[in-house]
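These are the residues of each chain, in order.
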Amino acid sequence: MIRFVAERLIGLVLVLFVVSAVVFFLGTFIPGDAATILVGSEGATPEQFERVREELGLNDPLIVQYANWMKGVVRGDFGTSPITGRSVNDEIKSQFPVSMELTLLATILSTVIGLPLGIFAAIHANRITDFIIRTTLLVTFSVPIFVAGILLLLIGSRWLGPLYTSTYTPISEGIGKNLQSMILPTLSIAIPVSAMTMQMTRTSMLEMLNRPFITTARAKGARRRNILYIHALKNAMSPILTLLGFQFGILLGGLFVVETIFSLPGLGRGLLTAISQRDYLLMMAGTMVIAATFVIVNVIVDLAYPILDPRQRDTT
Amino acid sequence: MSDDSERNDEQPVLRVRGLTTRFFASFGIVHAVSDVSFDVYPGETLGIVGESGSGKSVTAQSILRLVPKPGRIVAGSIKLDGVELLDLEAEEMRRIRGRTLSMVSQNPLTALNPALRIGWQLDEAHRSHSKTGSKKEARVRTKEMLTAVGIADADERANSYPYEYSGGMRQRIVIAMGMMNEPSLMIADEPTTALDVTIQAQVIELMKQLIEEHNMALVLITHNMGVVANMCDRVAVMYAGEIVEEAPIDELFEDPKHPYTWALLRSLPSITEIDTELPTISGSPPDMTDPPSGCRFRARCPFAEAVCEEHPDLDIVGDRRRARCWVTQRGDSFARGDELLIDKGKQS
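Position labels on residues start from 1 in each chain and follow its written sequence. Going through the entries in the order they are written, you letter the chains from A and number the ligands from 1. This being a predicted model, a pLDDT of at least 70 is required before a residue's local features are given, and a value of 80 or more before pairs of side-chain atoms are given or counted; all residues contribute to the totals for chains, interfaces and linings. Excluded from the side-chain calculation are hydrogens and water; included are all heavy atoms of the structure.

Moving on: the overall build of chain A. When helices and strands are counted, chain A shows 13 helices and zero strands. In this description a helix means any DSSP run of H or I spanning at least four residues, a strand means any run of E spanning at least two, and both kinds are numbered starting from the N terminus. Written out in order from the N terminus, the α and β elements of chain A read α-α-α-α-α-α-α-α-α-α-α-α-α. Every one of the 316 residues in chain A was classed for burial, and the buried ones make up 45%. Counted over contacts in chain A with a minimum sequence separation of 6, partners at least 24 positions apart contribute 72%. With the model as given, the accessible surface of chain A reaches about 16200 Å², and the carbon-plus-sulfur share is 69%. The convention is simple: Lys and Arg are positive, Asp and Glu are negative, and His and the chain ends are not counted. In this description, the location of a charge corresponds to atom NZ of lysine, CZ of arginine, CG of aspartate or CD of glutamate. Charge centroids of chain A, computed over 24 positive and 20 negative side chains, lie 20 Å from each other. For every residue, the accessible area (1.4 Å probe, protein chains only) is compared with the maximum for its type, and the residue is labelled buried under 20%, exposed over 50%, or partly exposed between those bounds. By definition, residues are in contact when any of their heavy atoms lie within 4.5 Å. Here the Shrake-Rupley method, with its probe set to 1.4 Å, supplies the accessible areas, and only the displayed protein chains count as covering residues.

This brings us to the packing of helix α1 (residues 2–27) of chain A against helix α4 (residues 62–74) of chain A. Residue and element names in this part refer to chain A. Interhelical geometry of α1 versus α4 gives an angle of 135° and a closest axis separation of 11 Å. Compared by their axis directions, α1 and α4 come out oblique. The element α1 and its partner α4 pack so that their crossing is right-handed. Seen from α1, the contacting residues are Phe17, Ser20, Ala21, Phe24 and Phe25; seen from α4, they are Leu62, Ile63, Gln65, Tyr66, Trp69 and Met70. By the convention adopted, Pro, Cys, Tyr, Trp, Phe, Met, Ile, Leu, Val and Ala count as nonpolar, Lys, Arg, Asp and Glu as charged, and the other residues, Gly among them, as polar. When the residues that make up the contact of α1 with α4 are grouped by side-chain class, the tally is nine nonpolar, two polar and no charged. Axes here mean lines fitted to C-alpha atoms, for a helix over just the part in contact, with angles spanning 0 to 180 degrees between N-to-C directions. Note on angle classes: values under 35 degrees are labelled roughly parallel, values over 145 roughly antiparallel, values of 65 to 115 roughly perpendicular, and the remainder oblique. Should the near helix be turned counterclockwise from the far one by less than a right angle, the crossing is left-handed, whereas a clockwise turn marks it as right-handed.

Take the interface of chain A and chain B next. Often, the extent of an interface is quoted as the loss of accessible area upon association of its parts. Contact with chain A, which involves 20 residues of that partner, is made by 26 residues of chain B. When the area that chain A buries against chain B is broken down by residue, the three leading residues are Ala219(A), Lys220(A) and Arg223(A), summing to 28%. Polar contact is the term for a pair of N or O atoms within 3.5 Å; when the atoms are in protein, one must be able to donate a hydrogen and the other to accept it, and sequence-neighboring residues count only if both atoms are side-chain atoms. Linking chain A with chain B are 15 residue pairs in polar contact (both at pLDDT 80 or more). Secondary-structure elements contributing two or more residues to the side of chain A that touches chain B are α9 (212–219) and α10 (224–253) of chain A. Class assignment for the residues of the side of chain A that touches chain B results in seven nonpolar, six polar and seven charged. Defined here as a combined quantity, buried area equals the accessible surface (1.4 Å probe) lost by two parts on assembly, summed across both.

Turning to unusual backbone geometry, a few remarks are in order. All names here are of chain B. A cis amide bond, omega 0°, links Lys69 with the succeeding residue Pro70. Among the secondary structure elements, Pro70 is positioned in the loop between α1 (56–63) and β4 (71–80). Phi at Asp35 takes a positive value of approximately 50°, unusual for a residue other than glycine. On the secondary structure map, Asp35 appears in strand β2 (residues 28–40).

Quick look at the domain arrangement of chain A now. Residues and elements named next belong to chain A. Domain borders in the structure are assigned automatically or taken from a domain database. Taken domain by domain, chain A consists of domain 1 (31–77) and domain 2 (90–312). Distance from the C-alpha centre of domain 1 to the C-alpha centre of domain 2: 39 Å. Counting from both sides, the interface comprises six residues of domain 1 and, opposite them, seven residues of domain 2. Carbon and sulfur atoms make up 72% of the area that domain 1 and domain 2 hide from each other, which totals about 570 Å². Its largest share of buried area at the contact with domain 2, domain 1 owes to Pro31, Ile37 and Trp69, together 65% of the area lost on that side. One side-chain nitrogen of Lys or Arg within 4 Å of one carboxyl oxygen of Asp or Glu is enough to make a salt bridge. Where domain 1 meets domain 2, there are zero salt bridges. Summed over the shared surface of domain 1 and domain 2, the result is zero residue pairs in polar contact (both at pLDDT 80 or more). Class assignment for the residues of the side of domain 1 that touches domain 2 results in four nonpolar, one polar and one charged.

What follows is about the side chain of Glu190(B). Residues and elements named next belong to chain B. Note that Glu190 resides in the loop between β7 (185–189) and α8 (197–214). What makes Glu190 buried here is its relative accessible area of 4%. Within the structure, the side chain of Glu190 is placed 2.5 Å from the side chain of Thr193, a separation counted as a polar contact. Polar contacts involving the side chain of Glu190 include one to the side chain of His223, which spans 3.2 Å.

This part covers the layout of surface pockets. Here a cavity denotes grid points, spaced 1 Å and computed from the protein atoms alone, that fit a 1.4 Å probe unable to get out, and a pocket denotes an open set having protein on both sides within 12 Å along at least 5 of 7 lines; residues with an atom within 4 Å of a point are the lining. Grid points are joined across faces, edges and corners, and a volume is the space filled by probe spheres set on the points. For the largest pocket, the calculated volume is near 1700 Å³. At the level of secondary structure, the elements contributing two or more residues to the lining of the largest pocket comprise α5 (88–123), α8 (175–209), α9 and α10 of chain A together with α1, β4, α2 (90–96) and α3 (108–111) of chain B. When the residues that make up the lining of the largest pocket are grouped by side-chain class, the tally is 19 nonpolar, twelve polar and eleven charged. Around the second largest pocket sit 25 residues that line it, and Phe24(A), Leu56(A), Leu58(A), Gln65(A) and Leu281(A) are the ones nearest its centre.

Residues and elements named next belong to chain B. The tally for this structure, following the rule as stated, stands at 25 salt bridges over all chains. Note that Lys143 is salt-bridged to Asp155, the shortest N-O span being 2.6 Å. Of the two residues, Lys143 sits in helix α5 (residues 135–148) while Asp155 sits in helix α6 (residues 154–157), which places them twelve residues apart along the sequence. Among the charged side chains, a salt-bridge network with shared partners connects Glu44, Arg234, Glu246 and Arg322.

Where nonpolar side chains cluster on the molecular surface, the patch consists of Phe146(A), Val147(A), Ile150(A), Leu151(A), Leu154(A), Ile155(A) and Trp159(A) and spans about 700 Å² of accessible area. Mapped onto the fold, Ile150(A) is located in helix α7 (residues 145–160). Each patch is built from residues that are more than 30% exposed by relative accessible area and take part in no salt bridge. Like charges join if they lie within 9 Å; nonpolar side chains (Val, Leu, Ile, Met, Phe, Trp, Tyr) join within 5 Å.

We now examine the side chain of Asn226(A). Here Asn226(A) shows up in helix α10. Under the relative-accessibility criterion, Asn226(A) is labelled buried at 18%. Leaving out residues up to four positions away in the same chain, Asn226(A) has contacts with His231(A), Trp120(B) and Glu124(B).

Moving on to the domain arrangement of chain B. Residue and element names in this part refer to chain B. What the domain assignment reports for chain B is domain 1 (14–239) and domain 2 (258–347). A separation of 31 Å is found between the C-alpha centroids of domain 1 and domain 2. Interface of domain 1 and domain 2: buried area, both sides summed, is about 1300 Å²; carbon and sulfur atoms make up 60% of it. At the boundary of domain 1 with domain 2, the tally comes to one salt bridge. The residue Arg300 makes a salt bridge to Glu51 at a minimum N-O spacing of 3.4 Å.

The subject of this paragraph is the nonpolar core. Leu14(B), Phe38(B), Leu101(B), Leu185(B) and Ile187(B) are the most contacted members of the largest nonpolar core, which totals 98 residues. Once you skip the residues sitting within four places of it in the chain, Leu14(B) turns out to touch Phe38(B), Asp39(B), Val40(B), Ile63(B), Ile78(B), Lys79(B), Leu80(B) and Leu185(B). Here the nonpolar core consists of buried residues drawn from Ala, Val, Leu, Ile, Met, Phe, Trp, Tyr and Cys, with membership extended through side-chain atoms lying within 4.5 Å.

Turning to the packing of aromatic side chains, a few remarks are in order. Pairing of aromatic side chains here covers Phe, Tyr and the six-membered ring of Trp, requires ring centres within 6.5 Å, and sorts the geometry by plane angle: under 30 degrees stacked, over 60 edge-to-face, intermediate tilted. Applying the stated criterion across every chain yields a total of ten aromatic pairs over all chains. When the ring of Trp262(B) is compared with that of Phe303(B), the centres are 5.0 Å apart and the planes differ by 70°; the resulting orientation is edge-to-face. Within this pair, whereas Trp262(B) is found in helix α11 (residues 259–266), its partner Phe303(B) is found in the loop between α11 and β11 (315–318), the two being separated by 41 residues in sequence. Look at Trp262(B) and you get buried, because its relative accessible area is 10%. Taken together, Phe17(A), Phe24(A), Phe25(A), Tyr66(A) and Trp69(A) form an aromatic cluster joined through their ring pairs. Charges are assigned to positions over rings by a cutoff of 6 Å between ring centre and Lys NZ or Arg CZ, combined with an angular limit of 35 degrees from the ring normal. Sitting over the ring of Tyr165(B), Arg157(B) keeps its end group 4.2 Å from the ring centre.

This next bit is on the packing of helix α7 (residues 167–179) of chain B against α8(B). Any two packed helices are characterised by how steeply their axes cross, that is the angle between the axes, and by the distance between the axes. Residue and element names in this part refer to chain B. The geometry of α7 relative to α8 is characterised by a closest axis approach of 10 Å and an angle of 15° between their N-to-C directions. Classified by the angle their axes make, α7 and α8 are roughly parallel. Between α7 and α8 lies a crossing of right-handed hand. On α8, the residues touching Gly168, Gln171, Arg172, Ile175 and Met179 of α7 are Ile199, Gln202, Val203, Leu206, Met207, Leu210 and His214. Residues of the contact of α7 with α8, tallied by class, amount to seven nonpolar, four polar and one charged.

Structure representation (structure tokens):
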């Protein structure tokens, strides 16, 4: 167990190293740099460009730039953005909680919708209720998030009145106000994601309900709710949990659409701005935080498997 | 066994009449079990034998009303201690399963839930039927049963998971589970097929001992004639979804009254004739989506006659014996069987 966690932490460091290198070197392929943004493309002399580049260290060989950046990161300092003049650490600290909250809320809500519906659909497999659940969720899944988001935004600002505010309020300033600004963005992500959770739950439950141990349980007169919620569900949870872990990572990295539509100051929107402004420091910090969260969430998922499946206990 | 049986002074535990179970599959209707009738008396072991696909497992599933989809019991009556099971509500049926009627299934490796502790799974068999649902009471019984089926350190072993046990041990646990509430009838579907021969013998001994101690009736479903000879009082032979013969065990082996049984017994290896090639039953079982109209064994039967194009009933052919064959019903035997086979060979 301790060894497993240690191994995964080493893995995390490796992942972060690779991610940072890839993002750094790919970033240099984007035409233009911070100097272009700072000095402006019109009316500046080549000398001015040169001076700014020299100050930012952009004239150093790439490997030297990367090493300098790495020195800071190892000490937990992502540097100061040349564009905004603010500390990158501060930017991330303000953006991360927004995205994390949105992802958590969306994961919870989509599970709360998808899991029971999936179980219900599996129990009523190939009957009319199963058909209705699956088609409805398939339709919501087919609507792109930006369409659903814009629709919800319109509905929210037109009809929901006090239930929705378009200005983001941090949790620290009151959970009620915070939820007012979070509820619609959460919904617009959670609805399509719940379709995925429902489908996986249905498939996994159906497979388990056809296993011989279910017949054994029925033959001993076990109650229906035990058969469904203990015998079948406990075995069906492993693949569902894997999906949830992946969903979490994909959501966190794909929030920019929703954050942009609903004007939420999160990591996704921050990254988008950073890329358009060639703010490499902010871009790399954002990417690394997302990658680290993804890996950590999946380590937690891996740690949960042995609780569900005792056969995995010896190997971890 | 017919209604005017000489044992009608004693009430059967299980009385099955005209049981017909079909599978409504996409490729056609499979006539898995057709008009099956038999009785099981208290403390008796009835063997149901037949090849794969003969309908013996579906018969077992039908009795517990656990026929998998798209199968359905379409006709018949199943009475357990006089109660018609086919009329019961789902909840009433649940209360019977595992309490007065239990099942030991085929493959011990897949029969137990891999994610739950053995003790919990055994407890559940008790708690599903106790008024209080008490965990403590259940655990006391669980330990008793684990000890009864020969598992030492019941305390500790109850906390193990199925994967921590061998196949033979798991089958003992499945048997313990079936015995939890001392049922009056247990149905064992190929309980030893998935086990090694030495383990098979142990499990058979264990079952015999438990049956004797608790005066429990057993329906033993198997294709293993050795197991039948070792355990059963009476045997019903199934072919193509029908019972073709029913007889006390000794008489079946001595004097089979249906050509399928006759051929089945001839194809068993014998210790005294090591070098002889084993006769096999020529042909293959009929397509059960469209069973033949006459005698279902006709196409493979060395004794087939014109009359066999009519479907024979399962009729009395002797004391406590029934067979579904025109030849034995009129009093002829298969004593000349081997000669007949040779004659047929010459003709064709």
